[in-house]
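One-letter residues, chain by chain:
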Amino acid sequence: MERLTGIGVSPGVVLGRAVVLTQRTEVMRFPIPPERVEQEVAALLRSQAASRQQLQDIKARVEHGPGSELAALFDAQLLMLDDPMLVGRAESIVRAERVNAAWAVHRAYEELYHVFRSMEDPYLRERETDVADVAGRLRLNLRHGAKGPKELLSEVDGPSVLIADELTASVAAQLDWSRVQAFATDAGSRTYHTAILARSLKVPAIVGLHDASLRIAAGTPVVLDGTTGELTVAPTPAQIDEAHRRATPPRRRRAATTAAGPVSTTDGMRIRLEANIELLEDLPFLNEHGAEGVGLYRSEFMLSGRPIESVTEDDQYALYRSLIEQVAPRPVTIRTFDVDERHFAGPGRGPERRRTRPGLRGLRLGLANPAVLRTQLRALVRASAHGPLRIMFPFVTAVEEVRDARKMLAEVVSGFSGIDPTQLKVGAMIEVPSAALAADLLAPEVDFFTIGTNDLIQFCLAVDRTDDRVSDLYEPLHPAVLRLIRIVRRAATRHHIPVSLCGEMASDPALVGLLVGLGLTEFSMTPGAIPIIRHVVEELSATEARRLASHALRLATAAEIEQYLFDALAASPFQRSPFRE
Ligand code: PEP
Ligand code: MG
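The following refers to the structure shown.

Criteria and thresholds
Residues numbered from 1 in each chain as written. Chains lettered and ligands numbered in written order. Predicted model: local features only at pLDDT ≥ 70, side-chain atom pairs only at ≥ 80, totals over all residues. Heavy atoms only, no water. Buried < 20%, exposed > 50% of the residue type's maximum accessible area, 1.4 Å probe, protein only. Helix = DSSP H or I, 4+ residues; strand = E, 2+ residues; numbered from the N terminus. Pairing = 2+ DSSP bridges. Near = heavy atom within 4 Å. Polar contact = N/O pair within 3.5 Å; in protein donor to acceptor, adjacent residues only side chain to side chain. Areas by Shrake-Rupley, 256 points an atom, 1.4 Å probe, with all protein chains shown as cover. Nonpolar A, V, L, I, M, F, W, Y, C, P; charged D, E, K, R; others polar. Core = buried A, V, L, I, M, F, W, Y, C linked by side-chain atoms within 4.5 Å. Axes fitted to C-alpha atoms, helices over the stretch in contact; angles between N-to-C directions. Left-handed = near helix turned anticlockwise from the far one by under 90°. Contact = heavy atoms within 4.5 Å.

Our next topic: the pairing of strand β13 (residues 332–335). Residues V332 and I334 of β13 are buried on one face, and the alternating residues T333 and R335, pointing to the opposite face, are buried as well. Two elements, strand β12 (residues 294–298) and β13, share three bridges in a ladder whose sense is parallel. Within β13, the position partnered with R298 by the bridge is R335. Judged from the four bridges that link them, β13 and strand β14 (residues 389–393) form a sheet pairing that is parallel. Bridge assignment links T333 to a residue of β14, and that residue is R390.

So, in structure tokens, the structure goes:
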């Protein structure tokens, strides 16, 4: 028996078996039982085969299009894919440590990264980015082959207690909270956020346990007391009896799964939940989770490393049409390529070009390369004949950009007969502070807004998320971020255009109440997060949320806002249990 003490942030006592999850650099690590090892290795090898096929296809296309000299880049990536130090090493990690394949790939990549980093030759050193591309591709392909934490959890008998290094909203969305009855985290830095998450989900929780996720073996019985902050590991029979007496009555939680159709708050505010999509393979999840449409299709994912000019109008048309037809009658919002210069071929592409100048990205880049944007718009306009389509421009910073883009779109439309331009909705992503502050000027120029908080936060706070030294300052609850969101929402309301929010904030159960309170009623998120957000919304009072948001907006710091949300959830007139008894 061992007793660990942290900070109890959400009350209740739960006895269950530990499920251990660690997450770093957005890659999850979780143990797998011995009988799963072969399946995990098989998934890894399938992912290698799929990646090989994709790279060969891309190479073949590149060889026959502009930028053919780039084909050699893909040869290098194909060699890396077969290097025993990558997939072979990952396989031995899966076998030796009995961990999920995606994590093993990440570990093998890290080892290779250090090898490349230490190379003298700057050209070879730069090859590190190719290793990153290959490892990323393997992990992406694994998403459809290997088991996720949700499936693994479903194999655990009885209630489980999640022990994690940290619990991000994206992981929370993947868990089956009808089985996970409580959680404990090592992390102390995002304590309040995690605490708000626990209270929003109404599960007992402890934070600040330092290294519990390293010390506790998967499957060990634990007693978690979210009131006192104590976690008893391998309790004695007497402690188990006591835990049974004190345990929060086991609730028959409704599994966060398939409910579909419209969702409303307790006081009847209709909230629209759509999905963010990167690959067409994700579409089955859309139906499974009851998305009301695609709020963001990140079209640049179709490039998968190819130079942007090599993707033809017909290639694009076929893909957009398939997407629209599969989602219809629900609408699809396709964002034009949000890339920077690296996706262009031609002289200068190569190691030095990877250190691309910041700023020439998204719609700006499209306008600077009108042939590329026009090709995409032609494909979109053709595809729009097959179902409801909304075209969205990324990285908008000024009214002129939208005007220029709309002018080009009007020219494209005029070249086709039978396309009704009024059916084609055109929107702007609001993800740069200049666009947010000038939202009242942009609103008359477009049919809808979509707030991209991922970029908005980073540009508003001058924080590069990939720079570890400042990534702690990336704070969705910063008063300036909340004010920008309110400005955009107000401008949209005044100009009678819809506004949705599609950044990671939308899929965070801890934040959705505040966002509803700021007046937002449309969200687009990773499909897996929809069920949990649906639950939180269904138990939310929009009136209370508005009161809470208006108070939160008067507070001076993110910490004060977090503390206030946390306390408000403890009192909880704002929200009832997201799970029915
Ligand atoms: C955003 O910036 O919030 C967004 C959704 O776009 P992306 O994450 O693709 O930059
Ligand atoms: Mg963005």
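This next bit is on the site of ligand 1. Near ligand 1 you find L296, R298, R335, R361, M429, E431, G452, T453, N454, D455, C502 and G503, and these make up its full shell. Here R335 contributes a side-chain N or O atom positioned 2.9 Å from an oxygen atom of ligand 1. At a separation of 3.4 Å, an oxygen atom of ligand 1 approaches a polar backbone atom of G452. Here ligand 1, which alone exposes 290 Å², has 88% of that area covered by the protein. Listing elements by their share of the shell around ligand 1, those giving two or more residues are β12 and α20 (453–460). Take the shell around ligand 1: its biggest share by element is three residues, from α20. Looking at side-chain class alone, the shell around ligand 1 contains three nonpolar, four polar and five charged residues.

This part is about the nonpolar core. Core analysis: the biggest nonpolar cluster contains 159 residues, and W177, F449 and F523 have the highest contact counts within it. When residues of this core are assigned to their parent elements, the largest contribution, eight residues, is made by helix α4 (residues 101–117).

Once that is clear, we can look at the packing of helix α13 (residues 313–327) against helix α16 (residues 370–383). The contact between α13 and α16 brings their axes to 8 Å, and the two run at 40°. Taken as a pair, α13 and α16 cross one another with a handedness that is right-handed. For the pair α13 and α16, the contacting residues are E313, D314, Q316, Y317, Y320, R321 and I324 in the first and T375, Q376, R378, A379, L380, R382 and A383 in the second. Looking at the contact of α13 with α16 residue by residue, the class counts come to six nonpolar, three polar and five charged.

That is the geometry; function is a separate question.
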